[in-house]
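Structural characterization, general
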Amino acid sequence: MWMEQQRSPSGSSQSPRSPSAQPYLSVSVTDPVKLGNGVQAYISYRVIAKTNLQEYLCPEKIVIRRYSDFIWLHDRLFENYKGIFIPPLPEKSAVEKFRFSAEFIEMRRQALDIFVNRIASHHELRHSEDLRTFLQVDEEVMERLRSYETGIFKKPADLMQIFKDVQSKVSDVVLGKEKPVEESHPEYEKMKHYIFELENHLAEAQKQAYRLVKRHRELGKSLSDFGKAVKLLGASEENAIGKAFSELGAKSELVSVKLQNESHELLMHFEEPLKDYVRAVQSIKATIADRATAFRQQCELAETIKLKEINLDKLMLTRSDKVREAEIEYRELKAENEEAMRRFETIVRRMNEEMVRFQEQKTTDMGVAFHEFAKGQARLANGIADAWRSLLPKLEACSV
Amino acid sequence: MMGSENNQGFEEAHLYASKEEMESLVLGDPSKSYSNSDYRSAMSNSLSSSSSHHPLSPPLLPTPPPPPADSDPLLAPPPPYPRNPSSHDHSSYIEPPSYADVIFSPFDGDTSSDINGLDCPSPTSDSPISFSRSSSSNAEYIKITVSNPQKEQEVSNSIVPGGNTYVTYLVTTRTNIPEFGAPEFGVRRRFRDVVTLSDRLAESYRGFFIPPRPDKSVVESQVMQKQEFVEQRRVALEKYLRRLAAHPIIKKSDELRVFLQVQGKLPLPTSTDVASRMLDGAVKLPKQLLSESVVAPHEVVQPAKGGRDLLRLFKELKQSVANDWGGSRPPVVEEDKEFLEKKERMHDMEQQLSNASQQAESLVKAQQDMGETMGELGLAFIKLTKFENEEAVYNSQRSRAADMKNLATAAVKASRFYRELNLHTVKHLDTLHEYLGLMLAVHGAFTDRSSALLTVQTLLSELSSFKSRAEKLEAASSKIFGGDKSRIRKIEELRETIRVTEDAKNVAIREYERIKENNRTELERLDKERHADFLNMLKGFVVNQVGYAEKIANVWGKVAEETSTYARESS
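The shown structure was predicted, so the numbers you read here are calculated from the model rather than taken from an experiment.

Thresholds applied
- Residues numbered from 1 in each chain as written.
- Chains lettered and ligands numbered in written order.
- Predicted model: local features only at pLDDT ≥ 70, side-chain atom pairs only at ≥ 80, totals over all residues.
- Heavy atoms only, no water.
- Pairing = 2+ DSSP bridges.
- Helix = DSSP H or I, 4+ residues; strand = E, 2+ residues; numbered from the N terminus.
- Axes fitted to C-alpha atoms, helices over the stretch in contact; angles between N-to-C directions.
- Contact = heavy atoms within 4.5 Å.
- Phe/Tyr/Trp six-rings, centres within 6.5 Å; stacked < 30°, edge-to-face > 60°.
- Buried < 20%, exposed > 50% of the residue type's maximum accessible area, 1.4 Å probe, protein only.
- Lys NZ or Arg CZ within 6 Å of the ring centre and 35° of its normal.
- Salt bridge = Lys/Arg side-chain N within 4 Å of Asp/Glu carboxyl O.
- Buried area = accessible area lost by both parts, 1.4 Å probe.
- Polar contact = N/O pair within 3.5 Å; in protein donor to acceptor, adjacent residues only side chain to side chain.

Quick word on the sheet that holds strand β1 (residues 25-35) of chain A
Residue and element names in this part refer to chain A. One open sheet accounts for three strands, arranged β1-β2-β3; its pairing is antiparallel. What marks the edges here is a single partner per strand, and that holds for β1 and β3 (60-66). Averaged over all neighbouring strand pairs, the angle between strand axes comes to 20 degrees, with direction disregarded. Sheet analysis places strand β2 (residues 42-51) next to β3, joined by seven bridges and oriented antiparallel. For Ser44, the partnering residue across the bridge sits in β3 and is Arg66. Helix α2 (residues 67-80) contacts β1, β2 and β3 of the sheet and is inclined by roughly 105 degrees relative to β3. In the packing of helix α3 (residues 102-120) onto the sheet, the strands contacted are β1 and β2, and the crossing angle to β1 comes to about 155 degrees.

A few points about the packing of aromatic side chains
Counted by the stated rule, this structure contains 20 aromatic pairs over all chains. Ring geometry for Tyr277(A) against Phe358(A): centres 6.2 Å apart, planes inclined by 65 degrees, an arrangement best described as edge-to-face. Of the two residues, Tyr277(A) sits in helix α8 (residues 239-317) while Phe358(A) sits in helix α9 (residues 323-389), which places them 81 residues apart along the sequence. Each member of the pair Tyr277(A) and Phe358(A) is classed as buried. Summarising the aromatic geometry, the rings of Trp388(A) and Phe541(B) are spaced 5.5 Å apart at their centres and angled 80 degrees between planes, so their arrangement reads as edge-to-face. One end of the pair, Trp388(A), is in helix α9; the other, Phe541(B), is in helix α15 (residues 485-562), on a second chain. With respect to burial, Trp388(A) and Phe541(B) carry one shared label: buried. Every member of this aromatic cluster is reached through a ring pair, and the members are Phe270(A), Phe370(A), Phe373(A), Phe381(B) and Trp556(B). Here Lys82(A) stacks its cationic end above the ring of Phe78(A), 5.1 Å away from the centre of that ring. For the cation-ring pair, Arg291(A) lies above Tyr188(A), with the distance from its terminal atom to the ring centre recorded as 3.5 Å.

Section: the pattern of salt bridges
All names here are of chain A. Tallying each qualifying case throughout the model produces 58 salt bridges over all chains. Between Lys362 and Asp365 there is a salt bridge, with its nearest N and O atoms 3.1 Å apart. Of this pair, Lys362 and Asp365 both sit in helix α9, three residues apart, roughly one helical turn. The buried category is assigned to Lys362, whose relative accessible area is 3%. The shortest N-O distance in the salt bridge between Lys375 and Glu372 comes to 3.9 Å.

Side note on the interface of chain A and chain B
Of the residues lining the interface, 78 residues belong to chain A; the matching set on chain B comes to 76 residues. Interface area for chain A against chain B, summed over the two sides, is near 6,900 Å², with a carbon-plus-sulfur share of 69%. Here chain A and chain B share five salt bridges between them. Here Glu396(A) and Lys539(B) are joined by a salt bridge, their closest N and O atoms 3.9 Å apart. At the junction of chain A with chain B, the criterion picks out 13 residue pairs in polar contact (both at pLDDT 80 or more).

Okay, here's the thing in structure tokens:
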């Protein structure tokens, strides 16, 4: 498994062999089951959490969750832990008939398992209340929470934020500001540029990996068809050559099976990690957007405060009775501004830490994926060589 | 997914550059660019004679090898290719034991002296068939090359200036067969001459499996460039002539010799076109109808041809209809059960061959695609490696870049191996296509037999009808006292006709028997050669699969080792 590191019971990547006194949280996503009928059909998973952390009610809990519950968790974390690269989820939609194929279900289960485990082993995320909720509440509660968040029922605060964003965008346009204010931090610029380009490169690599999976399948199929055709040809020939043909046909079909198997392995252990890498980069892009928003908010507040200061001074000079009001407003704004600054700085700090963690994690993930890929290809090639080789003495024997 | 905020137009343009970059990036080779390697080009490239450097062969080869790159099996094995000093990658090839060395000889163990493991099979255009058999036969050989297409003007006396242009090819022959009188010679021939040769051979060698000549294929020439068409035709002509030269009987034929050797205009009677033949026939028909048309004995050895022998055609047609629908059995019937069984078997084999041939094509395409995609994957990772190295801020990135480079290099190598393997596979499995093509020749030979039989049957029918007429006349005339001068004359004419027809019948029967015998020997020869060639094909195919699988396994085994630090206890 290419994410074994996260599955070690200690939950932290540093200590694989910890005494039971060490805090741990281990999660697994298992047992996909199809529920419901027709268009409403969906897959449910068993999520098993084992822990000795105080915050959890029981040392072991099993709950039933579906894909949209995972989305809920992801979105909550994204809201509450800005600056952290939230582990990415596998894709939402899929071609209808593929959605319930065994391969797809297994791939998704694997990805969801990795998703939760990454959260459980992240030094900040693992303490989140949302994670505890996700791992513990029963299905009805979960369903309520889920529809509350992702449905039409948005919290009033969210609506306010949406209005504010629109407002500021409009005022930007009105004031003739074309581009939103951006940080001009050279290192950060470099990082952003790196992330955006990385996505392109990775997407290409992933595309080729997927094609390679297909090629294995296709080569397997054509070898199988060839084998069958050769067998038939052998049947219309007599004596030695007929036998040789049928042996070749049989071997061909055998090799075909090896290829089909490797195709599946490639999909699960090479192409999927690459896809995961792409998703991770996209998650970083989302964080970058968050940071930009936070920066803008902070800037705007700073501007507003300046205006308020000027206004306040004016009022004080004119000894207006609006002074009190203005002072209160000013103080509130100042508090907001400090809050915004803190938010922004948290994001910056977190991002810096996350980048280091991300790079290290990806080196490991890719290393594992490459190892599995090379092992698989070597295994396949050796298997093919052995299969064909065993045919040679028989062919020699056929020579008249 | 591909969206990016920054203006990436320029950069993206050379992000995914051609494979040339891949070559020079990874292995520092004086690279040749990979041609647009679709299946067709793989096929045609493998078929073309290698006077031009093969674009798909590994870049380890230096610039175009000298012209006798197609190894004549009976000459000394070709000298090993000079090592290109700048291709340092060669030394990084580990030579695994067993088949990895042997694979490079696509044919019999004869060329096992090529052990430098380097030599690429610049694909010879010797059909595998001629090689595998000539190596075991006597020392006589004949090697034909078709080259140097040139445009020439039709010398015409017409009013229209300029006239027709056509293409001629240089046909060079090297041989030690004494009948030719010279070891090496060349002539210029045009396609029309090949048609003539083919037609004359068909006449002279009825009952033999004569390799079918290349199509006139007018349609295709409109679709592709003139150059491509000429090249394809050149290849096809060469293949055809070599097949003729490989046939034990036909290689000694006068027709072939004359075609290969006589300078200037081809001294074989040309086949006139259909229209003028019909015209010819129309002129002769009245004469045939008015006189008691008989088939002259010497003409009987040829099948009825439209135009010349309209009447004969009609008669034989009538006969064949009578054979099919008539109540009585024809006087001579194809009785040879063994032959009928063989015919059935040939038919069945043709179907299986066709199927196998198709599947072989799909297999080759799938192998080609695998190699291509593996190469593209390698290229994508090369780019990633470069990118990470350039942008590296953390050591983890540099470490990852190093891992990627190993993977990419291996993928590129594996890709090359797949393509090489495919070149070999194409050549080996080509045997299937060859024998499928030969089925046409078999059909022709069987048709010769049935038309000869038809001629015999027709003559027998005629003979019997003449005889019964004669009997009737005699009966009638004997009733008249003193004889009937006109009737007697008629009877005598009839008797003469019967005599001629008897002769013709005898000749026809002899011809039929001869063709039957030809069929039989050819079938024997076909069976024997086919077994040998197919066995070679299978062996070659398997040996190559093994050899290349070993090489590929080796490449990936190394990467698995290099990345073994990432392996965990489980899985």
